[in-house]
Amino acid sequence: MKRFRRHGQESQRERIKQELYGFNKTVEHGFPHQPSALGFSPSLQLLAIGTRSGAIKLYGGPGVEFMGLHDENAAVTQVHFLPHQVELVTLLDDNSLHMWTLRAHHGVSELLEIGRFTLTGPPGAPPSVTRVTAVLAHSSGDLLLLGTEGGHVFIVKVPGFRELEERNISLEKVTNSVPEEYGGRRSLEHVESLQENPVNPRQVLIGYGRGLMVVWDLDSQSAVKHIPATQQLESVWWTEDGGHVLSSHSDGSYCRWKVAGDDPQSEQEKSEVPYGHFPCKAISKIIQLPTEQGPPFLFLSGGMPRASYGDRHCISVIHSKTHVALDFTSRIIDFFVIRDGPDHTGEPSALVVLVEEELVVIDLQTEGWPVIQTPYLVPLHCSAITCSHHVSAIPLKLWERVLSAGALQNTHYSKKPWPMTGGQNLAPDPPQRDLLLTGHEDGTVRFWDASGVCLYPMYKLSTAGVFLTDSDPNDNLNQGTEGEWPPFRKVGCFDPYSDDPRLGIQKIHLCKYSGYLTVAGTAGQILVLELNDEAAEQTVEATVADLLQGQEGFRWKGHTRLEVREEPVTFPPGFQPFALVQCQPPAVVTALTLHSEWKLVTFGTSHGFGLYDYQQKNNVLVRCTLNPSDQLAMEGPLSRVKSIKKSLRQSFRRIRRSRVSLRKHHVNNAAKLQQANARLEAELAEMELAPVQRKIEPRSPDDSFTGLVRTLYFADTFLSDSSHNTPSLWAGTNGGSVFAYQLRLPPVERRGEDPVTAHPAKEIQLMHRAPVVGILVLDGHGSPLPEPLEVAHDLARSPDMQGSHSLLVISEEQFKVFTLPKVSAKMKLKLTAIDGSRVRRVGVAWFGSTRTDDYGESGLTVLTNQGDLHVVSLPGVKLQVQYPCIRREDVSGIASCVFTKHGQGFYLISPSEFERFSLSARCVVEPRSLVEVSSQTPSSTLPRAPPDGASVERRNSTRDGAAVLQEIQKSLEVDQTTFLENGTSALAGGKVLSS
Amino acid sequence: MVQSTGVQRAKMSRHQRTPLKNTNNVVEVKSKFEAEYRRFALKKSGTGGFQEFYRLLQTVHRIPSVEVLLGYADIYGDLLPINNDDNFYKALSSANPLLRIIIQKRDVDEPVVFATNSLQRRKKGLAGLRPAQQKTKPGLMIGHPQDFRQISSIIDVDILPETHRRVRLHKHGTHKPLGFYIRDGVSVRVTPQGVEKVPGVFISRLVRGGLAESTGLLGVNDEILEVNGIDVDSKSLDQVTDMMVANSHNLIVTVKPANQRNNVVLRGSKVSVGGNSSSGSIGSTISHDLAPSPASQSVSHYSNSNSVAEGDSDEDGDIIIESDILPYLPDHCVSNGNGSHREFPLSSSLGQRPLPQSIFLPSSGSLSDSKASLNSLTTPTHNGSPTKTSSSQESMREDGNIITM
């Protein structure tokens, strides 16, 4: 009976858990790591990016995103959309071709792989015969021409990849149909390019690596013309009128050939080396587009003088008298041009360039060709990300002020809307405004709108202006002087070079109610900033916090403190610093918390922690947490871990020793060198033979960095007796210590004059000595105390001050609840002792139920060093759910994780990409978008019928978006009811919109 | 060195006589004081406690006013002390059949050596005592039995396969390092499909003088199968390391010893253990042994039933300092019974005379703040008043600083 009842409760709890928690990786923000291919569909207005890890990502209008991953772990080398269709073909490094489609399912499109194909040559043929080097998706929509390394062109029918063997264009057929002097003597080499005649789809141009180009008639299966270029071919472009062919070559030249007329041999009209005289690098791609009036646009990538500018990544745009060499900061992958008009055949409107680290879009119709700000694919890593901070549910007022401050920074961008408009974004409006703040190595903090699918840049704060650094902000090396040749213009914002690594931002805390922000950096600097809508000129007052507190025998070997500008600095509208604390020694700040109601900031380093009153601009408390035996903590940032230091030392010694012996060898004899080499080899062999060992030893107080402050926390709680609650400060260290201070704040009217005081109240030394990573006070109801000012803004229930509070100390190994004010252990959850994992990241989150709006629970979101996500209940500290999320080897991914207050999180999957995940069943942000074939198909061939019934109703372009949305919702409801009625497996493979 | 003594021990056990049952309940006693011998008989039941026996010996040897120390030779020939009821009864029970008592004058200048190997184990018996004393390098010191701590044990012999060994290491209170390293390796398992190679975790090194080495229960290349009851299968080396460190205060490792010759073999009621006797390792015992050696008496209340549950019991050893003024000068100590006292020797010693082994920590030169404050606590004359224990909250308000354990 009893057992039965308990079982019932358990199953009920299981049901609640299902309503509360659900793990999803929802969307990837930022710029794909190592892009390797670019594709564009003018009809769908979608761009596709393939990466070296085999991912394929599609982007349309803002919010329209799709992602697919090839099963093969091979780089995507080419992406081609089939004209006027929703299919695209990818070519991978392993010579396999893959067909993808956007299939509508319950009103939402999904990217699906629907076929794969690898060319098979005749038996016994070398692999080069079928190694694909060029792909042409023929405008008929059902043919794919594949040029290979062996010089053959295979014709394949799509979809389905059926080889049309009889129509293949073999190298022999081509050599037989061109004069002997071009074809026979030497191999034509691989097929470099395949181009379709824009006016006659029966004709294709085959460009061979050695230079020869042949116009091939697909119907008569014979060569119509040949173009006798002699330079190594790089790319070919067939002008829109079909009259000319442009070819670019490896010597930096491009040629124009006339192909109209009946002469089987085309004549060279023009040959030019645009950056000539001296040897130039290859022009890897050439595009020429006509304009309605006047001269055409010419786009060339590369072709720079080899000796002087061979290292530049340039695309030259030439239009009439205007000639600009767009100078990118990373390697160019590919580019294309978007054209105006319903058929996308009008004026060139934008140049889209994919470089290795970002996507740059140039507005070609505005004077000066400004850059259009991208709504997605933003290079998060334009300076390396050093930390991140998420703030949920931003009040509208602060949101607007940040936006307007950001708008003032973006005046140099083009006013034109984003030119890519494909698909419809069907995702519901985000329920709240969320901010993601990223700290960067160059001392900037970037504010991102993280409410929805697009991580949109809002505002950039730079802290470098407060300090004197080596770089002078006025010297701009990129500004080209008048008459410079080539006419460079720097574009793109990816700039990984930091002038001073000390500027790096390590910790950020923003109070969303008051607009106060505090940021802390690598050289122990803590800035307190205030949001100001006007520009202001002010000096930033610096206060030094001596964290050593007279501890003797230490010598700081790390970097020096940053020098502060003495003179007033003009700060633009936005967050403006007004107070600065500099830790001494200037070690990296490891913990930072702001309490805007009390006007206090607390900060910690590896040496101790301090409390700063930013109203009176003085230090309230400085406490050293150093262990006298911990010498390593003092030596600076280089020696982070003992073993690394030791191994470094050893390897340096070894190098020195070998150098010494080498030097000796010069004066002495060869035998000694041999000896030294033998010794070195023996040492290396020994190192390799010695297995990886781990010492099993309890942590001792003598371990290194036990004093490092890991977490700081403000709480208004019962610290010393159970009848009066007082403000308190809590600090947790790497050595498992918790220090609690009772704070005395003067009454509000005397706040400016009377000092704030802090008295030590409690110390807890956890027996297991694991690093304390989180401290939390739970109120009488067992819920976490609200954030400062949250209650004052009526955004949180005021905490229960009647019942007894409890203290939750989260170490890397355990979650432990203590009573307050008398600290005694109440309960705990052991993690490491049970499964060997350790807490790396922890956050407090509120999980709403999917079933009812009014039910929710608080919980801890935990990321372990094994890459697993856990949810731990509060106040009972019981493990609720556990999901594998990040590979355990991905240390930087695990370290970068940041949780939101509503059960979502972000972590870096590459230096430039955040993966967004959700642990909450209710709060999920994921792309929902629909892409359909546009009804205007200029081609004579009709697109095939869409595969899914849901997209039969084609979008009428005259209808407005809301009506479409309604319609979709209607059809969706129908879908759902039918699903409910007959219970078929309509769900298979698809997603159902949650109502 | 460990292995050679192991072999020696194995030999010993083979020559060992089975203890005779004294049917008449009388123990034959041969006691020796300086050069004099006395022989007498003692009733096994009905003998009083240690004090009574002490007086009896004083009478028998006619040394009523001389302060003496009593020792006896156990079955292995080790000289062990008799100074309380417990070890007196143990001595009686271990009479084999003769109980050999050695009486020595209590002499401050020349401390008595009770030690393993202090008596030669050959047939010579008592004759070995003299050479042992004359040795220039005396054997290990053995303190009073109440100071004895269990540092290791083999547990769950009854439920484990014979090829496995579950070893419990007690780190608490000792300043010795656990002293071992682990590594990745390849383990060979026999499966129905045949022999299979699977990754495993092995002991790679024992630190000389460390706890692990001194117990003799763990050896290099022993495969680690479980840590505190949790299977380490499919766990990474770092994970296993973290688990072991997290459990280091009461570490229970189940190993498959590389040397399978010294396995515990269950045989009837008396356990004859090859190679794992108490000799050679201080206080190392086999909990399954029905007649525990004196060394284990102070901790003989350990049950050997469920190692995981026991592992859970010892943890709340956090040190909490609550103060209004300064946390560094605590002048008042309280034991609030939060944790388990036996696990933290400090709590039992507070308010008593400081016992060297439980308080003195030789690494005091590099003590952390908290340890320093602990050390200052153990000085009862710190503020001139004897330390009293109290667990009430009011006293905290009055006196300020409180340490709870």
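Here the structure is a predicted model, which means the values were calculated and not measured.

## Observations regarding the overall build of chain A
And then number 1: Scanning chain A from N- to C-terminus turns up ten helices and 65 strands.
And then number 2: Split into buried and exposed, the 995 residues of chain A put 55% on the buried side.
And then number 3: Surface exposure of chain A reaches about 43200 Å², of which carbon and sulfur atoms provide 50%.

## Brief notes about the overall build of chain B
And then number 1: The helix and strand inventory of chain B stands at eleven helices and 15 strands.
And then number 2: Across the 405 residues of chain B, 48% fall into the buried class.
And then number 3: Within the structure as shown, chain B displays about 20400 Å² of accessible surface, and the carbon and sulfur contribution to it stands at 53%.

## A few points about the sheet that holds strand β8 (residues 96-105) of chain A
All names here are of chain A.
And then number 1: If you walk across this open sheet you meet the four strands as β6-β7-β8-β9, and the pairing is antiparallel. Each edge of the open sheet carries a strand with a single partner, namely β6 (76-81) and β9 (108-118). Each strand axis lies, on average, 25 degrees off the axis of its neighbour in the sheet, ignoring direction.
And then number 2: One ladder, built from five bridges, connects strand β7 (residues 87-92) with β8; its direction is antiparallel. Bridged to Leu88 within β8 is Trp100.

## Overview of the packing of aromatic side chains
Residues and elements named next belong to chain A.
And then number 1: Under the criterion given, the structure shown has 25 aromatic pairs over all chains.
And then number 2: Measuring from ring centre to ring centre gives 5.1 Å for Tyr516 and Tyr614, while their planes differ by 45 degrees; the resulting arrangement is tilted. With a gap of 98 residues between them, Tyr516 in strand β38 (residues 516-521) and Tyr614 in the loop between β47 (608-613) and β48 (618-624) connect regions that are remote in the sequence. Residues Tyr516 and Tyr614 agree in their burial class; the two are buried.
And then number 3: Centre to centre, the rings of Tyr907 and Phe917 are 5.9 Å apart; their planes meet at 40 degrees, and the pair counts as tilted. Highlighted residues: Tyr907 in strand β63 (residues 904-910) and Phe917 in strand β64 (residues 913-920), separated in sequence by ten residues. For the residue pair Tyr907 and Phe917, the accessibility class agrees, reading buried in each case.

## Some remarks on the sheet that holds strand β55 (residues 806-811) of chain A
Residues and elements named next belong to chain A.
And then number 1: Read across the sheet, four strands follow the order β54-β55-β56-β57 without closing on themselves; strand pairing throughout is antiparallel. Both edges of this open sheet fall to β54 (772-778) and β57 (825-830), since each of them pairs with a single strand only. Here the average twist between neighbouring strands, direction ignored, is 15 degrees.
And then number 2: Bridge analysis of β54 against β55 gives six bridges, and the strand direction is antiparallel. Looking across to β55, one finds that Val777 is bridged to Leu807.

## Some thoughts on the pairing of β64(A)
Sheet faces and side chains relate simply in a regular strand, where the side chains alternate between the two faces.
Residue and element names in this part refer to chain A.
And then number 1: For β64, the buried fraction is high: eight of the eight residues fall into the buried class.
And then number 2: Pairing of strand β1 (residues 21-30) with β64, which is carried by seven bridges, proceeds in the antiparallel orientation. Bridge assignment links Tyr21 to a residue of β64, and that residue is Ser920.
And then number 3: Inspection of the sheet shows β63 paired to β64 by six bridges, in the antiparallel sense. Across the sheet, the residue bridging to Ser910 is Glu913, located in β64.
And then number 4: Between β63 and β64, which follow one another and run antiparallel, lie two residues.

## A word on the side chain of Thr518(A)
Residue and element names in this part refer to chain A.
And then number 1: Its place among the elements puts Thr518 in strand β38.
And then number 2: With a relative accessible area of 0%, Thr518 lands in the buried category.
And then number 3: Non-local contacts of Thr518, meaning those with residues more than four positions away in its chain, are made with Lys507, Ile508, His509, Ile526, Leu527, Val528, Leu529, Leu592, Leu594 and Val601.

## As for helix α5 (residues 396-409) of chain A
What sets the pattern is the α-helix's 3.6 residues per turn: residues three or four places apart point alike.
Residue and element names in this part refer to chain A.
And then number 1: The terminal C-alpha atoms of α5 lie 20 Å apart, and with 14 residues this matches the ideal 20 Å at 1.5 Å per residue to within 8%.
And then number 2: Of all the positions in α5, only Leu398, Trp399, Val402, Ala405 and Gly406 are classed as buried. Around the axis of α5, the buried residues are gathered within 135 degrees of arc, so they sit on the same side. Turned more than 90 degrees off the buried face of α5, the exposed positions are Lys397 and Leu408.

## Here's the deal with the UniProt feature "domain: Lethal giant larvae homologue" (unreviewed entry) in chain A
And then number 1: Listed under "domain: Lethal giant larvae homologue" (unreviewed entry) in the UniProt record, and renumbered for this structure, are residues 272-370 of chain A.
And then number 2: Secondary structure within residues 272-370 of chain A divides into 4% helix and 51% strand; the distance between the first and last C-alpha atoms comes to 28 Å.

## Some remarks on the confidence of the model for chain A
And then number 1: Residues at a pLDDT of 70 or more form 85% of chain A, whose mean pLDDT is 84.
And then number 2: Every residue in residues 972-995 of chain A is under pLDDT 50, and counting partners more than four places away or in other chains gives 20 contacts.

## A look at a nonpolar patch on the surface
And then number 1: A cluster of nonpolar side chains, Val188(B), Val190(B) and Val195(B), forms an exposed patch at the surface whose accessible area comes to about 310 Å².
And then number 2: In this structure Val190(B) comes out as exposed when scored by relative accessible area, which is 73%.

## A closer look at the environment of Ser451(A)
Residues and elements named next belong to chain A.
And then number 1: Its place among the elements puts Ser451 in the loop between β33 (444-449) and β34 (456-462).
And then number 2: Take Ser451: its relative accessible area is 7%, and that puts it in the buried class.
And then number 3: The spacing of Ser451 and Pro296 is 155 residues in sequence and 42 Å in space, taken between C-alpha atoms.
And then number 4: Ignoring any residue separated from it by four or fewer positions in sequence, one finds Ser451 in contact with Trp399, Pro430, Gln432, Arg433, Asp434, Arg916 and Val925.

## A word on the pattern of salt bridges
And then number 1: The final tally for this structure, using the stated rule, is 43 salt bridges over all chains.
And then number 2: Between Arg331(A) and Glu356(A) there is a salt bridge, and its shortest N-O distance comes to 3.2 Å. Here Arg331(A), found in the loop between β25 (322-328) and β26 (332-339), pairs with Glu356(A), found in the loop between β27 (348-355) and β28 (358-363); they are 25 residues apart in sequence, far enough to count as distant.
And then number 3: Under the relative-accessibility criterion, Arg331(A) is labelled partly exposed at 39%.
And then number 4: Overlapping salt bridges, with partners in common, bring together Arg699(A), Arg710(A), Glu812(A), Glu813(A), Arg838(A), Arg840(A) and Asp242(B) in one network.

## Looking at the confidence of the model for chain B
All names here are of chain B.
And then number 1: Mean pLDDT over chain B works out to 63, with 48% of the residues at or above the 70 mark.
And then number 2: Contacts for the low-pLDDT stretch residues 1-22, under 50 throughout, to residues beyond four places or in other chains number 19 contacts.
And then number 3: Counting contacts from residues 115-138, a segment whose pLDDT is below 50, to residues more than four positions away or on other chains yields 40 contacts.
And then number 4: Here the prediction assigns the complex a pTM of 0.75, and the interface score ipTM is 0.77.

## Digging into the environment of Ile909(A)
Residue and element names in this part refer to chain A.
And then number 1: Structurally, Ile909 is set in strand β63.
And then number 2: Ile909 sits in the partly exposed class, given a relative accessible area of 32%.
And then number 3: If we ignore the near neighbours within four places in the chain, the residues touching Ile909 are Glu28 and Glu915.

## Some details on the environment of Val402(A)
Residues and elements named next belong to chain A.
And then number 1: Its location among the elements puts Val402 in helix α5.
And then number 2: According to the relative accessible area criterion, Val402 is buried, its value standing at 2%.
And then number 3: Measuring from C-alpha to C-alpha, the distance between Val402 and Pro573 comes to 9.3 Å, with 171 residues separating the pair along the chain.

## A closer look at the pairing of strand β24 (residues 313-319) of chain A
Residue and element names in this part refer to chain A.
And then number 1: In terms of burial, β24 is a largely internal element, five of the seven residues being buried.
And then number 2: Two elements, strand β23 (residues 297-302) and β24, share five bridges in a ladder whose sense is antiparallel. In the sheet register, Phe299 faces β24, and the bridge partner there is Val317.
And then number 3: Pairing of β24 with β25, which is carried by seven bridges, proceeds in the antiparallel orientation. Each residue of the ladder has a partner; that of His319, found in β25, is Thr322.

The rules behind these values
- In this numbering scheme, every chain counts its residues from 1 along its sequence in written order.
- The lettering of chains begins at A and the numbering of ligands begins at 1, in the order of writing.
- Given that this is a predicted model, residues contribute local features only at a pLDDT of at least 70 and side-chain atom pairs are listed and counted only at 80 or more, while totals for whole chains, interfaces and linings are drawn from all residues.
- Working from all heavy atoms in the structure, the side-chain values ignore hydrogens and water.
- Working definition: helices are DSSP H or I runs of at least four residues, strands are E runs of at least two. Numbering for both runs from the N terminus.
- A 1.4 Å probe rolled over the protein chains alone gives each residue an accessible area, and that area as a share of the maximum for its type sets the label: buried under 20%, exposed over 50%, partly exposed in between.
- Residue-level accessible areas treat just the shown protein chains as cover; the underlying method is Shrake-Rupley with a 1.4 Å probe.
- At least two DSSP bridges between two strands are required for those strands to pair.
- Structural elements are reduced to axes, namely lines fitted to C-alpha atoms, with helices fitted over the stretch in contact, and the angle between N-to-C directions of any two is expressed from 0 to 180 degrees.
- Pairing of aromatic rings covers Phe, Tyr and Trp, the last through its six-membered ring, and needs centres within 6.5 Å; plane angles under 30 degrees mean stacked, over 60 mean edge-to-face, and all others mean tilted.
- The criterion used for residue contact is that any of the two residues' heavy atoms lie within 4.5 Å.
- Helix span is expected to be 1.5 Å times the residue number reduced by one.
- It is the directions from the helix axis to the C-beta atoms that the arc portrays.
- UniProt positions are given in the numbering used here, feature names are shortened, and annotations may be inferred rather than shown by experiment.
- One confidence number per residue, pLDDT, is output by the predictor and ranges from 0 to 100.
- Residues enter patches when their relative accessible area tops 30% and they take part in no salt bridge; the joining distance is 9 Å for like charges and 5 Å for the nonpolar side chains Val, Leu, Ile, Met, Phe, Trp and Tyr.
- A pair is scored as a salt bridge if a Lys or Arg side-chain nitrogen falls within 4 Å of a carboxyl oxygen belonging to Asp or Glu.

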